[in-house]
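Here is what each chain is made of, one letter per residue.
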Amino acid sequence: MRIHPCTFVDLDSPSGLMRTHLFRPLGDGPYPAIMLFSEIYQMTGPIARTAAALAGRGFIVAVPEVYHEFEPAGTVLAYDQVGTDRGNELKTTKQLTNYDSDARAVIEFLTQDQGCTGRIGAMGICLGGHLAFRAAMSPIVLACVCLYATDIHKRSLGAGMNDNTLDRIPEIAGELMMIWGRQDPHIPAVGRRMIYDALEQHQVNFTWHEFNGEHAFVRDEGHRYDPALANQVHAMVDELFQRKLKI
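Because the structure is predicted, anything quoted here is derived from the model rather than measured.

### A few points about the overall build of the protein chain
At step 1: Regarding its fold elements, the protein chain presents six helices and eight strands.
At step 2: The globule rule puts the C-alpha radius of gyration for 247 residues at 18 Å, and the 16 Å found for the protein chain is close to it.
At step 3: With the C-alpha coordinates of the protein chain rotated into their principal frame, the extents come out at 45 × 35 × 35 Å.
At step 4: Within the protein chain, the fraction of its 247 residues that count as buried is 55%.
At step 5: Summing over all exposed atoms, the protein chain offers an accessible surface of approximately 10400 Å²; the carbon and sulfur share of this is 51%.

This is the structure:
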């Protein structure tokens, strides 16, 4: 399916205007929607290509800039040490409540969009995987994909590095897909086990997938990229969203 060129909207949030990039299918809608939460680098080329691919499968895709309080609209951090340091600094500078209010602002926008069916999913990568996991605590989110979600097991998201994500797992009502790399140093086996056990304890509807890959093995840029594994993951993601959002 062909898509429109990427556009953006600046959404009101309690912590200021939040630039949100929009990818829409061509043709008559309405379409279901997916919130796509980026890595610490914001709207990079790999994130844009991921969003475009999802839109081409028949979804409106909204990509909010996660650090809109701190960086000018449109800022993209580089995949280098400087960009990594800045992204990691802001990750624990931003208030935890602001991450949640950002997600609510995107949900409100999508539910009021005349081109949207009102059926909404979430997807996130790295930091964004954690943000998508928290977004899934909204009852309107019917399906959620988290790719190597960082910091859940450490409870270290946001200012103060003492988040409540594990405690709020019972609020997740939709279906989760959790994707991990076994060789990912950021989420070791003991951390993954902690998250798995918490999901199991609270009887969340989830699937769990571990691949022999490094952190960011799905990102189509850099030495960690594994195209064969990425193709498998994209097929799994498409199946979940088609099944849960296009009923």
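Next, the rest of the story.
### Points about the pairing of strand β7 (residues 175-181)
At step 1: Among the seven residues in β7, seven count as buried, and that is most of the element.
At step 2: Alternating positions in β7 separate into two faces, E175, M177, I179 and G181 on one and L176, M178 and W180 on the other, with burial throughout.
At step 3: With five bridges joining them, strand β6 (residues 141-147) and β7 adopt parallel strand pairing. By the bridge assignment for β7, V145 is matched with M177.
At step 4: With six bridges joining them, β7 and strand β8 (residues 206-211) adopt parallel strand pairing. When the sheet's bridge partners are listed, L176 is paired in β8 with F206.

### Let's talk about the sheet that holds strand β1 (residues 7-11)
At step 1: On the basis of which strands lie adjacent, the open sheet formed by eight strands has the order β1-β2-β4-β3-β5-β6-β7-β8 and mixed pairing. Two strands close off the open sheet at either side, each with one partner strand: β1 and β8. Direction aside, neighbouring strands of the sheet carry axes that sit 20 degrees apart on average.
At step 2: Most of the contacts of helix α1 (residues 45-55) go to strand β4 (residues 60-64), to which it runs at about 160 degrees, and overall it touches β2 (18-23), β3 (31-37), β4 and β5 (116-125).
At step 3: In the packing of helix α4 (residues 127-135) onto the sheet, contacts are made with β3, β5, β6 and β7, and the angle to β5 comes to roughly 140 degrees.

### Observations concerning the packing of helix α3 (residues 96-112) against α4
At step 1: Axis separation between α3 and α4 bottoms out at 10 Å; the angle between their running directions is 70 degrees. The pairing of α3 with α4 is recorded here as roughly perpendicular in orientation. Crossing hand, α3 versus α4: right-handed. On α4, the residues that touch L96, Y99, D100 and A103 of α3 are L127, L131, R134 and A135.
At step 2: Its residues placed into classes, the contact of α3 with α4 shows six nonpolar, no polar and two charged.

### Considerations on the packing of aromatic side chains
At step 1: Applying the stated criterion across every chain yields a total of eight aromatic pairs.
At step 2: On the numbers, 6.1 Å between centres and 65 degrees between planes, the contact of F59 with F241 is edge-to-face. One end of the pair, F59, is in the loop between α1 and β4; the other, F241, is in helix α6 (residues 227-245), and 182 residues separate them in sequence.
At step 3: Residue classification places F59 among the buried residues on the basis of a relative accessible area of 1%.
At step 4: When the ring of F211 is compared with that of F217, the centres are 5.8 Å apart and the planes differ by 50 degrees; the resulting orientation is tilted. Each member of the pair, F211 as well as F217, is classed as buried.
At step 5: The rings of W180, Y196, F206 and W208 are connected pair by pair, giving a single aromatic cluster.
At step 6: Looking at R19, its charged tip hangs above the ring of F8, at a distance of 3.7 Å from the centre.

### As for unusual backbone geometry
At step 1: In this model, G29 is joined to P30 through a cis peptide bond whose omega is 0 degrees.
At step 2: Looking at where P30 falls in the secondary structure, it is placed in the loop between β2 and β3.
At step 3: Of note, the phi angle at Q203 is positive, near 55 degrees, even though the residue is not glycine.
At step 4: Within the secondary structure, Q203 sits in the loop between α5 (189-201) and β8.
At step 5: We classify Q203 as exposed; its relative accessible area is 72%.
At step 6: Phi is positive for A216, which is not a glycine, with a value near 70 degrees.
At step 7: If you trace the backbone, A216 turns up in the loop between β8 and α6.

The rules behind these values
Residues numbered from 1 in each chain as written. Predicted model: local features only at pLDDT ≥ 70, side-chain atom pairs only at ≥ 80, totals over all residues. Heavy atoms only, no water. Helix = DSSP H or I, 4+ residues; strand = E, 2+ residues; numbered from the N terminus. Rg over C-alpha atoms; globule rule 2.2 N^0.38 Å. Buried < 20%, exposed > 50% of the residue type's maximum accessible area, 1.4 Å probe, protein only. Areas by Shrake-Rupley, 256 points an atom, 1.4 Å probe, with all protein chains shown as cover. Pairing = 2+ DSSP bridges. Axes fitted to C-alpha atoms, helices over the stretch in contact; angles between N-to-C directions. Contact = heavy atoms within 4.5 Å. Parallel < 35°, antiparallel > 145°, perpendicular 65-115°, else oblique. Left-handed = near helix turned anticlockwise from the far one by under 90°. Nonpolar A, V, L, I, M, F, W, Y, C, P; charged D, E, K, R; others polar. Phe/Tyr/Trp six-rings, centres within 6.5 Å; stacked < 30°, edge-to-face > 60°. Lys NZ or Arg CZ within 6 Å of the ring centre and 35° of its normal.

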